[in-house]
Amino acid sequence: RVLVGADGADGVFSRVEPTLQTAPGVYNDTLLVGLDRFLVELGKRGMQAVLYVNNSWEWSGGYGQYLEWATGEKSLIPLVDGYWPFMQQMRKFQTSEAAQQLYFNHLKNMVSRVNSISGKPYCEDPAIFAWQLGNEPRCFSDDPAVREGFIAWMTEAAHIVKELDGNHLLCTGNEGLMGCEADPALLRAVNEIPGIDYMTIHIWPYNWSWVRPDHLGEDLPQAIAKTEEYLQLHRALGDELGLPVVAEEFGYPRDGFRAAMEAPTTARDGYYEYLFSRVGQELDGANFWGWSGFARPPHEQWVSGDPYTGDPSQEAQGLNGVYISDSTVELIARANGK
């Protein structure tokens, strides 16, 4: 699952860099070629990527940057300005035609791209598994007009993708009920958008206050029980709508809520083992967040120049990420029949 488009200027606190789209329709060509090369290398290995093209959160620009470009209103940063003001601002994206049009333009540019290395149009590349409308798209509001705008822009985005690329799957990137203001009606509307091929859900037991940071092992049974309820709810809707269900993002912190690489992952391993066991049951697929690999971040929170661990730049690096040295790697391999 790969971000296609960090947006805006470099040097913004908590934003990943270098960014791909430095201004509306203006791209860092080096990064575009890097994306091309990445897809070529995936193809050599028989691997596939889900490419997501927007973000409701600040760490890659997304909603906030498109709003800033369209209206001139400076995009807020939750760690600086507070989450409530941030969410109040982000709901404006749902009704801003100008901000949405900038996103649509970027989406068209990416879906219609031709790989500069292979010469293959993206729409014909088997290394792409699916396009995704955004990372955790939320409407951030109970207002009916805002919700209507939320569904409308995703409907238009889905139409754009399917018009340009009839070969690949399409999904929303939505978290499920927790990303729909806990409203089953909104969840249904998100997954009834024409062209959506499978339902995505995200599961974050700590972020959603299902577990306590100082009792991660003790609270594991509770996390599993609540996750099971969440899976069953979405499986039922998926069956009703005829959609496969994929937990495309889930995580569990390292023991002791420590981000350091040497911190054990006993509780996380238990959670991963449970979640992988649900593939073929409530789930048709699962993808953990995130891969830290060989990265060794010198700071707990990412700063410019540090390697990425998969965790967003505003969060503790390695807290949810899986390092090559983690015992979790064996679980992942076993779940994939390795």
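Counting from 1, residues in each chain are numbered in the order their sequence is written. Local features in this predicted model are restricted to residues of pLDDT 70 or higher, and side-chain atom pairs are both shown and tallied only at a pLDDT of 80 or more, whereas totals for entire chains, interfaces and linings draw on every residue. In computing side-chain properties, one takes all heavy atoms of the structure into account and sets aside hydrogens as well as water.

A. Quick look at the overall build of the protein. In terms of regular secondary structure, the protein is built from 10 helices and 11 strands. Over its C-alpha trace the protein gives a radius of gyration of 19 Å, about what one expects of a compact globule, namely 20 Å for 338 residues. With respect to the principal axes defined by its C-alpha atoms, the protein has extents near 50 × 45 × 40 Å. For every residue, the accessible area obtained with a 1.4 Å probe (protein chains only) is divided by the maximum for its type, and the residue is called buried under 20%, exposed over 50%, and partly exposed between those limits. For the protein, the residues scored as buried account for 53% of the 338 residues in total. At a minimum sequence separation of 6, the contacts of the protein that also span at least 24 residues come to 71%. Values of accessible area rely on a 1.4 Å probe in the Shrake-Rupley scheme; residue burial ignores everything except the protein chains shown. Counting only carbon and sulfur atoms, one obtains 54% of the accessible surface of the protein, whose full area is about 14200 Å². Helical segments are the DSSP runs of H or I of at least four residues, strand segments are the runs of E of at least two, and each set is numbered from the N terminus. In this setup the radius of gyration rests on C-alpha atoms only. A globule is expected at 2.2 Å times the number of residues raised to 0.38. Only heavy atoms enter the contact rule, under which two residues are in contact if any of them lie within 4.5 Å.

B. Quick look at the sheet that holds strand β7 (residues 199-203). Criterion used throughout: strands pair if DSSP finds at least two bridges between them. Read from one edge of the open sheet, 3 strands run β7-β8-β9, paired in parallel fashion. With partners counted over all chains shown, the strands left at the sheet margins are β7 and β9 (285-286), one partner each. Bridging between strand β8 (residues 245-250) and β9 involves 2 bridges; their strand directions are parallel. Bridge assignment links Val246 to a residue of β9, and that residue is Gly285. For every element, the axis is a line fit to its C-alpha atoms; helices are fit only across the contacting stretch, and the angle between N-to-C directions ranges from 0 to 180 degrees. Seen against the sheet, helix α8 (residues 220-241) touches β7 and β8 and runs at an angle of roughly 170° to β7.

C. Spatial organisation of the pairing of strand β4 (residues 49-52). Here β4 shows a buried face lined by Ala49 and Leu51 and a second buried face lined by Val50 and Tyr52. Across 2 bridges, the pairing between strand β1 (residues 2-3) and β4 is parallel. Its bridge partner being in β4, Val2 is matched across the sheet by Leu51. Relative to strand β5 (residues 128-132), β4 is paired through 4 bridges, and the arrangement is parallel. When the bridges of β5 are listed, Tyr52 appears paired with Gln132.

D. Expanded view of the sheet that holds β1. In spatial order, the strands read β1-β4-β5-β6; together these 4 strands make up an open sheet with parallel pairing. Each of the sheet's edge strands pairs with one partner strand only, and the pair in question is β1 and β6 (169-171).

E. Highlighting unusual backbone geometry. Following Glu17, the chain continues to Pro18 via a peptide bond in cis, the omega torsion being 0°. Secondary-structure assignment places Pro18 in the loop between β1 and β2 (21-23). If you check the backbone angles, Ala182 has positive phi at about 55° while not being a glycine. Structurally, Ala182 can be placed in the loop between β6 and α7 (184-191). Despite not being glycine, Phe257 has its phi angle at roughly 55°, a positive value. Along the chain, Phe257 falls in the loop between β8 and α9 (266-277).

F. Up close: the packing of helix α6 (residues 144-164) against α7. The interhelical angle for the contact between α6 and α7, taken along N-to-C directions, is 20°, at an axis separation of 10 Å. The angle between the axes of α6 and α7 places the two elements in the roughly parallel class. Read as a crossing pair, α6 and α7 show a hand that is right-handed. Across the interface between the two elements, Arg147, Phe150, Ile151 and Met154 from α6 touch Leu186, Ala189 and Val190 from α7. Each residue is assigned to one class: nonpolar for Ala, Val, Leu, Ile, Met, Phe, Trp, Tyr, Cys and Pro, charged for Asp, Glu, Lys and Arg, and polar for all the others, Gly among them. A breakdown of the residues in the contact of α6 with α7 according to their chemical character gives 6 nonpolar, no polar and 1 charged. The scheme is simple: roughly parallel for angles under 35 degrees, roughly antiparallel for over 145, roughly perpendicular for 65 to 115, oblique for anything else. Two helices cross in a left-handed way if the nearer one is turned anticlockwise from the farther one by less than a right angle. They cross in a right-handed way if the turn is clockwise.

G. Inspection of helix α1 (residues 29-44) at higher detail. Helix span is expected to be 1.5 Å times the residue number reduced by one. Its 16 residues give α1 an end-to-end C-alpha distance of 23 Å, which sits within 8% of 22 Å, the value for a rise of 1.5 Å per residue. Where α1 is concerned, the buried positions are Leu32, Leu35, Asp36, Leu39 and Leu42. Axial view of α1: buried residues confined to an arc of 125°, hence all on one face. Exposed and oriented more than 90 degrees from the buried face of α1 are Thr30 and Lys44. Against β3 (26-27), β4, α5 (97-111) and β5 lie the buried residues of α1. Nitrogen and oxygen atoms within 3.5 Å of one another constitute a polar contact, given that in protein one can donate a hydrogen and the other can accept it, and given that sequence-neighbouring residues count only through two side-chain atoms. Between a side-chain oxygen at the N-terminus of α1 and the backbone nitrogen of Thr30 the separation is 3.0 Å; the capping residue is Asn28. Where α1 ends, the next residue or the one after it, Gly46, has phi of about 70°, a positive value. Note that the arc is defined by the directions from the helix axis to the C-beta atoms.

H. A look at the nonpolar core. In these notes, a set of buried Ala, Val, Leu, Ile, Met, Phe, Trp, Tyr and Cys residues joined through side-chain atoms within 4.5 Å is what counts as a nonpolar core. Grouped together as the largest cluster of nonpolar side chains are 82 residues, with contacts concentrated most on Tyr103, Trp131, Leu133, Phe150, Ile201 and Ile203. Residue contributions to this core peak at 9 residues, all from α6. Contact partners of Tyr103, with chain neighbours within four places excluded, come to Val53, Asn54, Tyr66, Phe93, Leu133, Trp153 and Ala157. By size, the runner-up hydrophobic cluster in this structure holds 5 residues, among which are Val50, Ala130, Cys171 and Tyr198.

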